[in-house]
Amino acid sequence: MKHLALILSISLLLLTGTNAAPVVFIVRHAEKARTGDKDPDLSLEGRKRADALAHILKDSQITAIFVTEFKRTQKTAAPTAKASHVSPTHSGSGK
């Protein structure tokens, strides 16, 4: 919940600037499922957090989204990418 409050605070800060420079949001993947897999999906809570992130950032005029090759990063970004009509760019190894 603290993470959502931080993201919300950042969003509100953005609303106060009229001639603001570009802003970069750095988001760590949402909660991953507890499996023995090296590339787990998101848990139910993680999917909820990813949806909440998309809702929080819906008016942020997202123009680029970068993800790693891991499912958890891609699935965290997916709702925001869909809402923003942006195709995520896959970056490096994620390490």
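Since the structure is predicted, the reported quantities are computational estimates derived from the model, not experimental observations.

Colleague: Would you mind going over the pattern of salt bridges in detail, with residue names and values included?
Modeller: A complete count under the given rule lists five salt bridges for this structure. In this structure, Lys71 and Asp41 form a salt bridge, with 3.7 Å as the shortest nitrogen-oxygen distance. Placement of the pair is Lys71 in helix α3 (residues 71-84) and Asp41 in the loop between α1 (2-16) and α2 (44-56), with a sequence separation of 30 residues. Accessibility expressed as a relative area gives 28% for Lys71, which makes it partly exposed.

Colleague: Describe the packing of α2 against α3, with residues and values.
Modeller: Running from N to C, α2 and α3 cross one another at 35°; their axes reach a closest spacing of 8 Å. Two packed elements cross with a definite hand, and for α2 against α3 that hand is right-handed. Between α2, through Ala50, Asp51, Leu53 and Ala54, and α3, the contact on the second element is made entirely by Lys75, Thr76, Pro79 and Thr80. Tallied by class, the residues present in the contact of α2 with α3 amount to four nonpolar, two polar and two charged.

Colleague: Talk me through the side chain of Ser43; I want residue IDs and the actual numbers.
Modeller: Turning to its location among the elements, Ser43 is positioned in the loop between α1 and α2. The class for Ser43 is buried, based on a relative accessible area of 19%. Discounting chain neighbours no more than four positions away, the residues touching Ser43 are Glu31, Lys32 and Ala33.

Colleague: Before we move on, can you summarise the nonpolar core with the specific residues and values?
Modeller: Within soluble globular proteins, side chains that are nonpolar generally end up buried alongside one another. The biggest cluster of nonpolar side chains holds six residues, and these are Ile62, Ile65, Val67, Ala77, Ala81 and Val86. Not counting chain neighbours up to four residues away, the residues in contact with Ile62 comprise Phe25, Leu57, Thr80, Ser84 and Val86.

Colleague: I'd like a rundown of unusual backbone geometry, residues and numbers included.
Modeller: Residues apart from glycine generally show negative phi values, whereas peptide bonds are mostly found in trans. One non-glycine residue, Gln61, lies in positive phi territory at about 55°. Inspection of the secondary structure assignment puts Gln61 in the loop between α2 and β1 (66-67). With phi around 60°, His85 is a residue other than glycine that occupies positive phi space. Note that His85 resides in the loop between α3 and β2 (89-90). The exposed category is assigned to His85, whose relative accessible area is 74%.

Colleague: Residues and numbers for α3, please.
Modeller: With 14 residues, α3 ought to run about 20 Å at 1.5 Å a step, and its terminal C-alpha atoms sit 19 Å apart, in line with that. Considering bend angle alone, the principal kink of α3 is centred on Ala78 and spans about 40°; proline Pro79 follows within four residues of it. Among the residues of α3, Arg72, Thr73, Thr76, Ala77, Thr80, Ala81 and Ser84 are the ones counted as buried. Among the structural elements, α2 and β1 are those in contact with the buried residues of α3. Backbone geometry just after α3 places His85 at a positive phi near 60°.

Reading the values: rules and limits
- Residues numbered from 1 in each chain as written.
- Predicted model: local features only at pLDDT ≥ 70, side-chain atom pairs only at ≥ 80, totals over all residues.
- Heavy atoms only, no water.
- Salt bridge = Lys/Arg side-chain N within 4 Å of Asp/Glu carboxyl O.
- Helix = DSSP H or I, 4+ residues; strand = E, 2+ residues; numbered from the N terminus.
- Buried < 20%, exposed > 50% of the residue type's maximum accessible area, 1.4 Å probe, protein only.
- Axes fitted to C-alpha atoms, helices over the stretch in contact; angles between N-to-C directions.
- Left-handed = near helix turned anticlockwise from the far one by under 90°.
- Contact = heavy atoms within 4.5 Å.
- Nonpolar A, V, L, I, M, F, W, Y, C, P; charged D, E, K, R; others polar.
- Core = buried A, V, L, I, M, F, W, Y, C linked by side-chain atoms within 4.5 Å.
- Expected span 1.5 Å × (residues − 1).
- Bend = angle between axes of the 7 residues up to and from the residue.

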